Amino acid sequence: MEKWLSVFLLIIYFPALISQSNAATSKYFRQHPRKIIFTPHNRSESDPQQVHISLAGRDHMRISWVTTSKHTPSMVEYGKRTGKYEASATGEHTSYHYFFYSSGKIHHVTIGPLDPVTTYYYRCGGSGPEYTFRTPPSTFPIEFAVVGDLGQTEWTASTLAHVNKTDYDVFLLPGDLSYADTQQPLWDTFGRLVEPYASRRPWMVTEGNHEIETFPILQPEGFKAYNARWVMPFRESGSTSNLYYSFDVVGVHVVMLGSYTDFDAGSDQFEWLQADLNKVDRRRTPWLVVLLHAPWYNTNTAHKGEGESMRKAMEKLLYRARVDVVFAGHVHAYERFTRIYNNKADPCGPMYVTIGDGGNREGLALTFEDDGSPLSLFREPSFGHGRLRILDQTRAHWSWHRNNDSDSVVADQVWFESLSSSKECYETLNSQVGSTSSNDEL
């Protein structure tokens, strides 16, 4: 029913040639990009579609979906046995208009409390297919799949298939989801494409530039579709905006920042981030992970310097909080840096990773600076995904998996330790990061 979408799309692909000579640059030769996938809607008007789940505070999960019918109730039935729904919850719904497009009824229902490491079966709106998800564990280890700039191409499908081959607990996406770019039906096709994955594990996302979708005078409000469809636990974390929030899972505090809303000192986001980091107790959450869209460190020629203003405004907050790793997207390539603070290697700074290579329609950012940087340890313009496996309070393993047709090849990996275990970087582990002594130590 959405074949007419092709009229609006002009996709230009570039041959994926890698010509860099820097030692930190992989010599793998990238295959050509692939076409967009349009996932049709084959269910009834009352049946759920575009089902995805997200963490919603302690022991709770938010179930989100869309129906064509405006009469379907915002209700979720769930239980621990297939077809046996021992509990139910009701929630809220919304919809939006964008020029001549009208969305379906968008439902959001929070369920819980839920047991850890438990498979739940659920049904949305009182009819349609049964879905299943597994809750994250309550103790280490925990594994995150990390994918940026996802889109909905054949490479996207390849990336998601590779992610799904190995089990994980939570999916992290640092911006640029559907690449609808004002063509609202592409939000629907994206939701249907990712449903088999996003309905089974929580997807935690933040916005990228492709979610803005403003149009002078006629559509001045940004993030209209994103905020309606992908509600994250911002209220649960004390934020006033769906564009930035945080959550805890096992012993990890994850902060999702907004590159495209105000971030300067004194802004709502800056004040929220400062307060959020001050509340982190590294005895309870020894790991601190941050995601944002526009990278603060980047040796690719694409989007060079676009994250610099945000870095200057917020980097000190992350450094003083002893953030362990920062994931970014935006640049359609993979790059891993050493631990950095203020453009210098620093053992107490975060490790920075750019992973904007999920499969987007714009193709890869092929060109890295010839002279590179001693801070950049590995870089390659290929589609793929990352895995962050945190084994315990101190040890974690990061790996980047390159898409290679039917295979997923581990092309880069590193073991690293939490800064909360570093005596050199923390004067004491018995005081909270938000205390005066901890924040004034530098």
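Rules and cut-offs
Residue numbers restart at each chain and count upward from 1, following the sequence in its written direction. Where totals are concerned, whole chains, interfaces and linings use all residues; where local detail is concerned, this predicted model gives features only for residues with pLDDT of at least 70, and gives and counts side-chain atom pairs only at 80 or more. Side-chain numbers here rest on the full set of heavy atoms in the structure, without hydrogens or water. Definition used in this section: a nonpolar core is a set of buried Ala, Val, Leu, Ile, Met, Phe, Trp, Tyr and Cys residues joined via side-chain atoms within 4.5 Å. Buried residues are those whose accessible area, probed at 1.4 Å on protein chains only, stays under 20% of the maximum for their type, while exposed residues exceed 50% and partly exposed ones sit between those limits. Each helix is a run of DSSP H or I of at least 4 residues and each strand a run of E of at least 2, with the numbering of both proceeding from the N terminus. Any pair of residues with heavy atoms lying within 4.5 Å of one another is described as a contacting pair. Working rule for helices: expected span equals 1.5 Å times residues minus one. We define the bend at each residue as the angle formed by axes fitted to the 7 residues ending at it and the 7 residues starting at it. Each patch is assembled from residues with relative accessible area greater than 30% and no salt bridge, linking like charges that lie within 9 Å and nonpolar side chains (Val, Leu, Ile, Met, Phe, Trp, Tyr) that lie within 5 Å. Computed with a 1.4 Å probe, the accessible areas rest on the Shrake-Rupley method; for each residue, only the protein chains presented here act as cover. Salt bridge criterion: a side-chain nitrogen from Lys or Arg within 4 Å of a carboxyl oxygen from Asp or Glu. Charge assignment: positive for Lys and Arg, negative for Asp and Glu; neither His nor the chain ends contribute. Each charge is placed at NZ for Lys, CZ for Arg, CG for Asp and CD for Glu. Think of pLDDT as the predictor's per-residue confidence, scored from 0 to 100. Note: two strands are recorded as paired if DSSP finds a minimum of 2 bridges between them. Note on geometry: axes are C-alpha line fits, over the in-contact stretch for helices, and angles between N-to-C directions span 0 to 180 degrees. Buriedness for pockets is judged along seven lines, at least five of which must meet protein on both sides within 12 Å for an open set on the 1 Å grid over protein atoms alone, while cavities are sets there where a 1.4 Å probe fits but cannot get out, and lining residues have an atom within 4 Å of a point. Grid points are joined across faces, edges and corners, and a volume is the space filled by probe spheres set on the points. By the convention adopted, Pro, Cys, Tyr, Trp, Phe, Met, Ile, Leu, Val and Ala count as nonpolar, Lys, Arg, Asp and Glu as charged, and the other residues, Gly among them, as polar.

Visitor: What should I look at first to understand the nonpolar core in this one?
Guide: If you look at the biggest cluster of nonpolar residues, it comprises 104 residues, and the most contacted ones within it are Ile-63, Trp-203 and Trp-398. Per element, the largest residue contribution to this core is 6 residues, and it comes from helix α2 (residues 185-198). Excluding anything up to four places from it in sequence, Trp-203 contacts Ile-53, Ser-54, Leu-150, Leu-160, Tyr-168, Phe-171, Leu-173, Val-194, Tyr-197, Ala-198, Trp-230 and Met-232.

Visitor: How should I be thinking about helix α5 (residues 308-320) in this particular structure?
Guide: Two residues of an α-helix separated by three or four positions point the same way, owing to the 3.6 residues in each turn. Under the 1.5 Å per step criterion, the end-to-end length of α5 is 18 Å for 13 residues, consistent within 8% with the ideal 18 Å. Of all the bends found along α5, the most pronounced is centred on Met-314 and spans about 50°. Within the sequence span of α5, burial applies to Met-310, Arg-311, Met-314, Glu-315, Leu-317, Leu-318 and Tyr-319. Those residues of α5 hidden inside the fold are in contact with α4 (268-278), β16 (287-291), β17 (325-328), β18 (334-341) and β20 (351-355). Looking one or two residues past α5, Arg-322 carries a phi angle of roughly 60°, positive in sign.

Visitor: What am I meant to see in a negative patch on the surface here?
Guide: Among the surface-exposed residues, Asp-262, Asp-264, Asp-268 and Glu-271 lie close enough to one another that they form a single negatively charged patch. When its relative accessible area of 47% is taken as the criterion, Asp-264 is described as partly exposed.

Visitor: Mind showing me how you'd approach the confidence of the model for the protein here?
Guide: The predicted structure's coordinates, where accompanied by low pLDDT, should not be read in detail. Averaged over all residues, the pLDDT of the protein equals 90, while 88% of them reach at least 70. In this model residues 428-442 is a low-confidence stretch, pLDDT under 50, and it forms 31 contacts with partners more than four residues away in sequence or in other chains.

Visitor: Please clarify how the sheet that holds strand β3 (residues 75-79) should be interpreted in this entry.
Guide: Backbone hydrogen bonds hold the strands of a sheet together, and the pairing may be parallel or antiparallel. Taken in spatial order, the 4 strands make up an open sheet running β4-β3-β9-β10, and their pairing is antiparallel. Only two strands of the sheet have a single partner each, and these edge strands are β4 (87-90) and β10 (131-134). Across the sheet, the mean angle from the axis of one strand to that of its neighbour is 30°, orientation sign disregarded. Relative to β10, strand β9 (residues 119-124) is paired through 4 bridges, and the arrangement is antiparallel. Paired with Tyr-122 across the bridge in β10 is Tyr-131.

Visitor: Would you mind showing me how to read the layout of surface pockets here?
Guide: Considering only enclosed or pocket space, the largest pocket measures out at about 760 Å³ in volume. Around the largest pocket, the lining is made up of 28 residues, and of these Gly-57, Arg-58, Asp-59, Asp-248 and Val-249 lie nearest the centre. At 4 residues, strand β14 (residues 245-249) tops the list of elements feeding residues into the lining of the largest pocket. The residue inventory of the lining of the largest pocket, partitioned by class, reads 11 nonpolar, 8 polar and 9 charged.

Visitor: Mind showing me how you'd approach the pattern of salt bridges here?
Guide: Opposite charge on two side chains permits pairing when their charged atoms draw close. Under the counting rule described, the total for this entry stands at 21 salt bridges. The partner of Glu-195 in a salt bridge is Arg-43, with the nearest N and O atoms 2.7 Å apart. Of this pair, Glu-195 sits in helix α2 while Arg-43 sits in the segment before β1 (49-55), placing them 152 residues apart in sequence. Take Glu-195: its relative accessible area is 7%, and that puts it in the buried class. Linking Asp-412 and Arg-336 is a salt bridge whose minimum nitrogen-to-oxygen distance equals 2.8 Å. One end of the pair, Asp-412, is in strand β24 (residues 407-417); the other, Arg-336, is in strand β18, with 76 residues separating them in the sequence. Residues Asp-412 and Arg-336 agree in their burial class; the two are buried. Residues joined in a network through salt bridges with shared partners are Arg-134, Asp-167, Asp-169 and Arg-201.

Visitor: It is not clear to me how empty space enclosed by the protein should be interpreted in this structure. Could you clarify?
Guide: Scanning the model with the defined rule gives 2 cavities of 30 Å³ or more in all. The calculated volume of the largest cavity comes to roughly 60 Å³. Lining the largest cavity, in full, are Gln-50, His-52, Val-66, Trp-187, Phe-190, Gly-191, Arg-229 and Trp-230. Looking at the lining of the largest cavity, the elements with two or more residues in it are β1 and α2. No other element matches the 3 residues that α2 contributes to the lining of the largest cavity. Each residue belonging to the lining of the largest cavity can be placed in one class, and the counts come to 4 nonpolar, 3 polar and 1 charged.

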